[in-house]
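# Structure at a glance
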Amino acid sequence: MKLKLASLALAAGLAATTAHAEITVGVSLGITGPGASLGVHYRNAYQLVPKTLGGEPVRYIILDDASDPTNAAKNARKLVAEDKVDVLMGSNGVPSAVQMAQVAAEAKTPIMVLTPANLTPQVLHWSFIVPQTTELMMGAIAAQLKARGAKTVGYIGFSDTWGDLVYKALDSHAAASGYQIVTNERYARADTSVTGQVLRIISVNPDAVVVGGSGTGGALPHVALVERGYKKPIYHNHGTVNAEFIKVGGKAVAGAVAVTGPLIVPEELPDSFATRAVSLEFTKRYESTFGAGSRNAFAGYAYDGVLILNAAVPEALKKAKPGTAEFREALRAALENVRNVVGTHGVYNMNATNHNGLDERARVLVYVDGGSWRLMK
Amino acid sequence: MSADIALWLAQDGITNGAIYALLALALLLVFSVTRVIFVPQGEFISYAALSLALLQAGQLPGVVYVLVGGGLVAAAFDAAAAVRDRALRRLPTILAGYVLLPCAIAALAWWAAPRKVDLVWQVLLVIGLVVPLGPIVYRIAYQPLANASILVLFIASMAVHYALSGLGLVFFGGEGLRSASFSDARFKLGVIEASAQSLWVIFASVVVMLVLWVFFGRSLYGKALRATAVNRVGARLVGIRTELAGSLSFLLAAFIGTVSGILISPITTIYYDTGFLIGLKGFVGAILGGMASYPLAVAGAVVLGLLEAYASFWSSAFKETIVFAIIIPPLVWLSLRSRHVEEEEEE
């Protein structure tokens, strides 16, 4: 009896070790908490990703960090130490993502970072940032401001890292585009009124206003500005573009202009647009699974992260087996050399100095018209 | 800052202050009668606001599941206590109050939601859906702990807050919602333009405060609540059941929270976790009133609203810091002024 049990256990153990070269991807997202509205979209994308990476089966471990950076770091440590993941992905808040990237660098595991983030060189060595940089996106807004001849620009944004990032990006283009940012108002995500901030902006009367919010939180200052009689253009950043923004803002946000990835308006892109086929297919699949009008930029980031991995894994598999430190290093090196991966947001070309890899093909300008986002021609 | 900007900000501050005043009253009421620091007060606001927005969109708000489920659990608790006390004739009333009433309201909501009835009926339906949650929460979470210390009750409050806010995320989703204004009219009062919605807020707040004042001063139940607030043991001695007092105070708190939620829902986007912060600011207002006096709590809350409005103009990045930092001076003053008395709990 004991011999039978022992041989059964041994067989099971042997079976486990001779298992396929399964790749393990550890994901931490803020599915609850303040970032829940974005986190849910990131998680939904994992239902649509391919079941294999580079021909090998892949297992995704998705954990919730409740939009708390400490939890994100804890999840990342658990994933690298206990589950021995080959690559990390996450999170959907900038502070959480930065924490995860630091853990990844310590554990010498590559990480696909799913929000724009500023990372130190040692951490960036292991981090690959999927979304467009805020500088790239605000560059499109800056070009619009220059085209309209705006000399003074008012800014109102979240009083956290995201508001800072958008402000810095807007500021970096100020000199070249000939405008000056005259107000730097901030508001909290949970605020119920921004009257004081909006009055301040109106008293200065800039030629345009840029809002550094995200999701439906970006609607609050826009609606308040319109209610107080501000008639000049109001621009938004790429974090604001989803259907709920229009629902919450109502008539007041008609005409709002924002920059975003091409997967929001794939039907209107010209046929020659590099990502049209991939963006259109993803948006169709996403909306047929999750409902019409549910398209958003965030699911695209997660999906693109997996597409980039799909391109890099075959190279890494040639050098090492998944689950080993050599594989993680080989995967890192392969990720650093991906060329022309067409994602839903843009075309990725990474190299040793550029761990983001996107260019102007990753942004389009959209505006609110008739209850949905339309491509600005 | 010119005079009309100052007036705009004052109008905004008073509108917000009216909501904070209602919440401060509710928190103070619950605290004085049951010694519970009712952190989940904010959840009633979120539930009411989101339910109204969903009803206006023609969807059934998920609160019905919380209501029916909570009612069943509370009925089970009460039924178990009745069986243990061999007082089976209590069972019909328990059944009627905790099971049939929530089910009837839920059925009404299920029937009325897709029909997009008039605003008045929608408001009444939201009140019917969210207000019974007050006594249900009291029965499930606080009545078993009625004699515990304030700290234990506070920890129970935090647990209830996380439970309700988690349920809010499940039933309402992570995105924010807004409902349509009661009326789009704008009135010119001198140099400022006041929207009808903010006038509604102030008007409704004043009416609720008057009703509470009359209730506490003139009605038997109101006096019973005041008696329990003054001395719980003495109230029990004269025949006021503490469970009744607790239930009633939670009912009133839920009513105030629901009314606040309905009032601010058209003004701002409410998320499933917005109510917590608003409730917290109401709590600051109550502290400014020394956690003892209702008129001072209302005054403190209005001052808080004004302070928040002006701080958001002068230094918007530090607005939250300023708003929460003004708890400190009154607390320091109160603790220096009163001599330290040991908590008078014998149990």
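Values in this document were obtained by computation on a predicted structure and should not be read as measured data. (Residues numbered from 1 in each chain as written. Chains lettered and ligands numbered in written order. Predicted model: local features only at pLDDT ≥ 70, side-chain atom pairs only at ≥ 80, totals over all residues.)

## Quick word on the overall build of chain A
Note the threshold: Numbered from the N terminus, helices here are DSSP runs of H or I no shorter than four residues, and strands are runs of E no shorter than two. Exposure criterion: with C-beta atoms placed from backbone coordinates, a residue whose C-beta has 20 or more other C-beta atoms within 10 Å is buried, one with 12 or fewer is exposed, and one in between is partly exposed. Any residue pair is listed as a contact if its two C-beta atoms, each placed from the backbone, are within 7 Å.
Looking only at helices and strands, chain A has 14 helices and 15 strands in total. Here chain A, with 377 residues, has 54% of them falling under the buried criterion. Intrachain contacts of chain A at a sequence separation of at least 6 include 67% that bridge at least 24 residues.

## A word on the overall build of chain B
Applied cut-off: The size measure is the radius of gyration over C-alpha atoms, and the globule rule it meets is 2.2 Å times the number of residues to the 0.38 power.
In terms of helices and strands, chain B carries 15 helices and 2 strands. Relative to the globule expectation of 20 Å for 347 residues, the C-alpha radius of gyration of chain B, 21 Å, shows essentially globular dimensions. If you line up chain B on its principal axes, its C-alpha atoms span 70 × 60 × 35 Å. When burial is assessed residue by residue, chain B has 46% of its 347 residues classed as buried. Taking as baseline every contact in chain B between residues at least 6 positions apart, the subset at least 24 positions apart corresponds to 77%.

## Some points on the interface of chain A and chain B
What counts here: Residue classes follow a fixed rule: Ala, Val, Leu, Ile, Met, Phe, Trp, Tyr, Cys and Pro count as nonpolar, while Asp, Glu, Lys and Arg count as charged, and any other residue, Gly among them, counts as polar.
Contact residues are listed per partner, giving 25 residues for chain A and 26 residues for chain B. Among the elements of the structure, α2 (36-45), β8 (180-187), α9 (195-204), α10 (219-227) and α11 (243-249) of chain A are those that each provide at least two residues to the side of chain A that touches chain B. Examining the composition of the side of chain A that touches chain B, we find that 6 residues originate from one element, α9(A), more than from any other. Grouping the constituent residues of the side of chain A that touches chain B by class yields 11 nonpolar, 10 polar and 4 charged.

## Topic: the pairing of strand β2 (residues 192-195) of chain B
Residue and element names in this part refer to chain B. The criterion, for reference: Pairs of strands are assigned from DSSP output, requiring at least two bridges between the strands.
The pairing of strand β1 (residues 186-189) with β2 spans 4 bridges and is classified as antiparallel. The partner of lysine 188 across the bridge, within β2, is glutamate 193. The hairpin turn running from β1 into β2, its antiparallel successor, is 2 residues long, and glycine 190 in that turn takes a positive phi close to 70 degrees.

## Points about the nonpolar core
Residues and elements named next belong to chain B. To keep it simple, the criterion reads: Core membership is restricted to buried Ala, Val, Leu, Ile, Met, Phe, Trp, Tyr and Cys residues, and these are joined into a nonpolar core through C-beta atoms within 7 Å.
Judged by nonpolar contacts, the single largest core of 210 residues is most densely connected at Ala24 and Val130. With 17 residues, the top contributor of residues to this core is helix α1 (residues 3-34). Among residues more than four places away in sequence, those in contact with valine 130 are Phe44, Tyr47, Ala48, Ser51, Val63, Ala254 and Thr258.

## A look at the sheet that holds strand β2 (residues 52-53) of chain A
Residue and element names in this part refer to chain A. Pairing within the open sheet is mixed, and its 6 strands lie in the order β2-β3-β1-β4-β5-β6. Only two strands of the sheet have a single partner each, and these edge strands are β2 and β6 (127-129). Two strands pair when backbone bridges link them, and strand β4 (residues 87-90) and strand β5 (residues 111-113) are joined in this way by 3 bridges, in the parallel orientation. Bridging from a neighbouring strand, leucine 88 pairs with isoleucine 111 of β5.

## Quick word on helix α7 (residues 150-172) of chain B
Residue and element names in this part refer to chain B. Filter applied, for reference: Expected helix span is computed as 1.5 Å times (number of residues minus one).
Taking 1.5 Å per residue as the helical rise, α7 with its 23 residues ought to reach 33 Å, and the 32 Å between its terminal C-alpha atoms agrees with that figure. For α7, the elements touching its buried residues are α2 (41-56), α6 (133-142) and α12 (274-288). One or two residues past the end of α7 sits glycine 173, with phi positive at roughly 80 degrees.

## Examining the packing of α1(B) against helix α8 (residues 196-218) of chain B
Helix packing for two helices is described by the angle between their axes and how far apart those axes are. All names here are of chain B. What counts here: Helix axes are fitted to C-alpha atoms over the stretch in contact, other axes to C-alpha atoms as well, and angles between N-to-C directions run from 0 to 180 degrees. Working rule for angles: under 35 degrees goes down as roughly parallel, over 145 as roughly antiparallel, 65 to 115 as roughly perpendicular, anything else as oblique. For any pair of crossing helices, the crossing counts as left-handed if the nearer helix is rotated counterclockwise from the farther one by less than a right angle, and right-handed if it is rotated clockwise.
For the pair α1 and α8, the least separation of the axes is 9 Å and the interaxial angle reads 30 degrees. With respect to α8, the element α1 is oriented roughly parallel. Considering the relative orientation of α1 and α8, their crossing is left-handed. Contact with α1, carried on its side by Gln11, Ile14, Thr15, Ala18, Ile19, Ala21, Leu22 and Leu25, involves Ser198, Val201, Ile202, Ser205, Val208, Met209 and Leu212 of α8 and no other residues of that element. Classifying every residue of the contact of α1 with α8 gives 11 nonpolar, 4 polar and no charged.

## Here's the deal with the environment of Phe38(B)
Residue and element names in this part refer to chain B. Secondary-structure assignment places phenylalanine 38 in the loop between α1 and α2. By C-beta crowding, phenylalanine 38 is classed as buried, having 32 other C-beta atoms within 10 Å. Taking the C-alpha atoms as reference, phenylalanine 38 lies 12 Å from leucine 252; in sequence the two are 214 residues apart. Once you skip the residues sitting within four places of it in the chain, phenylalanine 38 turns out to touch Leu27, Val30, Ser157 and Ala253.

## Observations concerning the sheet that holds strand β15 (residues 372-375) of chain A
Residues and elements named next belong to chain A. Taking strand neighbours across the sheet as the criterion, the 7 strands line up as β8-β7-β9-β10-β11-β14-β15 in an open arrangement whose pairing is mixed. The open sheet has two free edges, formed respectively by β8 and β15, since each of these has just one partner strand. Direction aside, the axes of adjacent strands within the sheet are offset by 30 degrees on average. For strand β10 (residues 234-236) and strand β11 (residues 257-260), the ladder comprises 2 bridges, and the chain directions are parallel. Within β11, the position partnered with histidine 236 by the bridge is alanine 258. Where helix α6 (residues 134-148) meets the sheet, it contacts β7 (152-158), β9 (208-212), β10, β11 and β14 (364-369), and its direction lies at approximately 145 degrees from that of β11.

## Concerning helix α3 (residues 63-84) of chain B
Residue and element names in this part refer to chain B. Test applied: Comment: arc refers to directions from the helix axis out to C-beta atoms.
Taking 1.5 Å per residue, 22 residues should reach 32 Å; α3 reaches 31 Å between its end C-alpha atoms and fits that length. Listing the buried residues of α3 in full gives Val63, Val64, Val66, Leu67, Gly70, Gly71, Ala74, Ala75 and Asp78. Down the axis, α3 shows its buried residues gathered within 155 degrees of arc, on one side only. Across α3 from its buried face, at more than 90 degrees, point the exposed residues Ala80, Val83 and Arg84. Structurally, α3 contributes buried residues whose contacts are with α2, α4 (91-112), α5 (119-130), α6 and α7. Phi turns positive, to about 55 degrees, at arginine 86, one or two residues after α3.

## With respect to the domain arrangement of chain A
All names here are of chain A. Note the following rule: These domain limits were set by an automatic method or by a database of domain assignments.
Per the domain assignment, the segments making up chain A are domain 1 (2-132 + 296-360) and domain 2 (134-260). For domain 1 versus domain 2, the distance between C-alpha centres works out to 33 Å. If you look at the interface, domain 1 gives 10 residues, while domain 2 gives 12 residues. Counting residues per element, the ones that place at least two in the side of domain 1 that touches domain 2 are α2 and α4 (94-106).

## Things to note about the environment of Gly42(B)
Residues and elements named next belong to chain B. Within the fold, glycine 42 resides in helix α2. By the C-beta count within 10 Å, which is 28 here, glycine 42 ends up buried. In this structure, the C-alpha to C-alpha distance between glycine 42 and threonine 258, residues 216 residues apart in sequence, is 9.5 Å.

## So, the confidence of the model for chain B
All names here are of chain B. We count it as follows: pLDDT runs from 0 to 100 and stands for how confident the predictor is about each residue.
Per-residue confidence for chain B gives a mean pLDDT of 89; residues scoring 70 or more make up 97%. Averaged pLDDT values for the elements of chain B fall to 76 in β1 and rise to 95 in α6. Prediction confidence for the complex, expressed as pTM and ipTM, is 0.81 and 0.72 respectively.

## Notes on the pairing of β15(A)
Residue and element names in this part refer to chain A. As judged from the 4 bridges shared by β14 and β15, these two strands associate in the antiparallel manner. Within the sheet, the bridge partner assigned to valine 368 lies in β15 and is tryptophan 373. Between β14 and β15, which pair antiparallel and follow one another directly, the connecting turn spans 2 residues, one of which, glycine 370, has a positive phi of 60 degrees.

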